[in-house]
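Chains, contacts and geometry: an overview
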Amino acid sequence: MVSVHHRYANVGGHRVFFREAGSRDHPSVVFLHGFPTGSSMFRGLLPLLADRWHVLAPDLLGFGLSDAPPAEEFAYSFDSLATITAGLLAQLGIDRYALYVHDYGAPIGWRLALRTPEAVRAIVSQSGNAYNEGLQPEFFVPLRRYWQNPVPDAEAGAREMLTLDLIRWLYVSGEPNETLIDPATWTRDYDLITRPGNDRVQLALFGDYPANLMLYPLVQQYFRASQVPLLAVWGRNDPVFGPAGALAFVTDLPDAEVHLLDGGHFLLETALHDVAALVVGFLGKHL
């Protein structure tokens, strides 16, 4: 099994942590994580792919082991996080790649694809949403209240997203056997996302999330124009982005592969080898 390296790069004056494995002579696959974790969510998958592909998984600013500059010093938005990610790829000389996107990683990946569509060779979406149909209404109720009017009561509801109980729920909800999930996953995420001042970082991103929904029509147009190869592999019990979001890809990408597995939002914690087999088969055809 190929070893995974743990590295840092300075991008725009910020220290960005990333995991990397495989030869850079091989086609690259860029992994973009979701809320509230980091590249650690891919710790099991990267070694399973790195014998055939060059794999790279950064931590977004404010997440994982990357810098978390105060919200007063860095304008947190999905645009700015995409710009930092693009800067890292440019610094490493990666100009053609496949994307593997999850949750927050999806709107960042969509921005990369819209900026340089010729760079993206294929996409794997694991609960990486691009359609309104995928939004689980109940989950987004407190966030929509915050988007519409970020008054103290609405902010208090949004802050519930940063609690240990909610982060644990994101991991175990919909999973057929939660004892397979190491509690260190959600306790590590909680510790990192609640670094001093990071609450304002996360609130800034919560407040910017409607920009992702407004981007959906452009993303769907990109799909129709490019017919980029896409694999959607989702937990059928995901409480955040439901299976309708996975099935919607075929609206614009008729050849998309869609697989709904028994699991939740963090599918790799319980269905790692099933996901890996699908990804290997898909990338083997398109990279």
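The paragraphs below set out a description of the structure included in this document. (Residues numbered from 1 in each chain as written. Predicted model: local features only at pLDDT ≥ 70, side-chain atom pairs only at ≥ 80, totals over all residues. Heavy atoms only, no water.)

With that out of the way, let us pick up the overall build of the protein. The helix and strand inventory of the protein stands at twelve helices and eight strands. What you see for the protein is a C-alpha radius of gyration of 17 Å, in line with the 19 Å of a compact globule of 287 residues. Dimensions of the protein, computed from C-alpha atoms along their principal axes, come out at roughly 50 × 40 × 40 Å. The burial tally for the protein puts 55% of its 287 residues in the buried class. (Helix = DSSP H or I, 4+ residues; strand = E, 2+ residues; numbered from the N terminus. Rg over C-alpha atoms; globule rule 2.2 N^0.38 Å. Buried < 20%, exposed > 50% of the residue type's maximum accessible area, 1.4 Å probe, protein only.)

Across the six residues of strand S7 (residues 230–235), six count as buried, placing the element largely inside the fold. Judged by which residues are buried, S7 turns out to be covered on both faces: Leu230, Ala232 and Trp234 on one side and Leu231, Val233 and Gly235 on the other are all buried. Two elements, strand S6 (residues 120–125) and S7, share three bridges in a ladder whose sense is parallel. Bridged to Ile123 within S7 is Leu230. (Pairing = 2+ DSSP bridges.)

Here we come to the nonpolar core. Core analysis: the largest hydrophobic core is formed by 104 residues, its most contacted members being Phe31, Tyr100, Trp110, Phe206, Phe223 and Phe249. Counting residues per element, this core draws most heavily on helix H12 (residues 268–286), which supplies eight residues. Setting aside its immediate chain neighbours within four residues, Tyr100 contacts Val29, Val30, Phe31, Leu32, Phe42, Leu45, Val124, Gln126, Leu268, Val275 and Val279. (Core = buried A, V, L, I, M, F, W, Y, C linked by side-chain atoms within 4.5 Å. Contact = heavy atoms within 4.5 Å.)

With that settled, consider the pairing of strand S3 (residues 28–32). The buried fraction of S3 is high, at five of five residues. With burial as the criterion, each face of S3 is covered, one bearing Ser28, Val30 and Leu32 and the other bearing Val29 and Phe31. Where S3 and strand S4 (residues 54–58) come together, three bridges link them in parallel fashion. Looking at the pairing, Ser28 lines up with His54 of S4. Of the pairings in the sheet, the one linking S3 to strand S5 (residues 97–101) comprises five bridges and is parallel in character. Along S5, the bridge assignment pairs Leu32 with Val101.

Turning our attention to the packing of aromatic side chains. On inspection of all chains with the given rule, the structure shows 24 aromatic pairs. A ring pair is formed by Phe63 and Tyr104, whose centres lie 6.0 Å apart and whose planes are at 85°; its orientation type is edge-to-face. Of the two residues, Phe63 is situated in the loop between S4 and helix H2 (78–91) and Tyr104 in the loop between S5 and helix H3 (105–115); the sequence distance between them amounts to 41 residues. Each member of the pair, Phe63 together with Tyr104, is buried. Ring plane angle 50° and centroid distance 6.3 Å describe the contact between Phe140 and Trp147, whose orientation is recorded as tilted. Across the pair, Trp147 and Phe140 agree in class, each one buried. When the ring centre of Tyr8 is taken as reference, the NZ or CZ atom of Arg15 above it lies at 3.6 Å. Lying across the ring of Trp186, Arg168 places its NZ or CZ 5.5 Å from the centre. (Phe/Tyr/Trp six-rings, centres within 6.5 Å; stacked < 30°, edge-to-face > 60°. Lys NZ or Arg CZ within 6 Å of the ring centre and 35° of its normal.)

In this section: the sheet that holds strand S2 (residues 14–21). Strand order across the open sheet formed by eight strands is S1-S2-S4-S3-S5-S6-S7-S8, with mixed pairing between neighbours. Each of the sheet's edge strands pairs with one partner strand only, and the pair in question is strand S1 (5–11) and strand S8 (257–261). Within this sheet the neighbouring strands show an average axis-to-axis angle of 20°, counted without direction. Sheet topology note: the S1/S2 ladder contains seven bridges and is antiparallel. Counterpart to Val11 in the pairing with S2 is His14. Packed onto the sheet, H3 meets S3, S5 and S6 and runs at close to 155° relative to S5. (Axes fitted to C-alpha atoms, helices over the stretch in contact; angles between N-to-C directions.)

To continue, consider the environment of Leu261. One can find Leu261 in strand S8. On the accessibility criterion, Leu261 (16% relative accessible area) is buried. Once the C-alpha coordinates of Leu261 and Asp238 are considered, the two residues, 23 residues apart in sequence, prove to be 10.0 Å apart. The contacts of Leu261, once residues within four sequence positions are left out, are Val233, Trp234, Gly235, Arg236, Leu267, Ala271, Asp274, Val275 and Leu278.

Take it as geometry only, folks, not as evidence of what the structure does.
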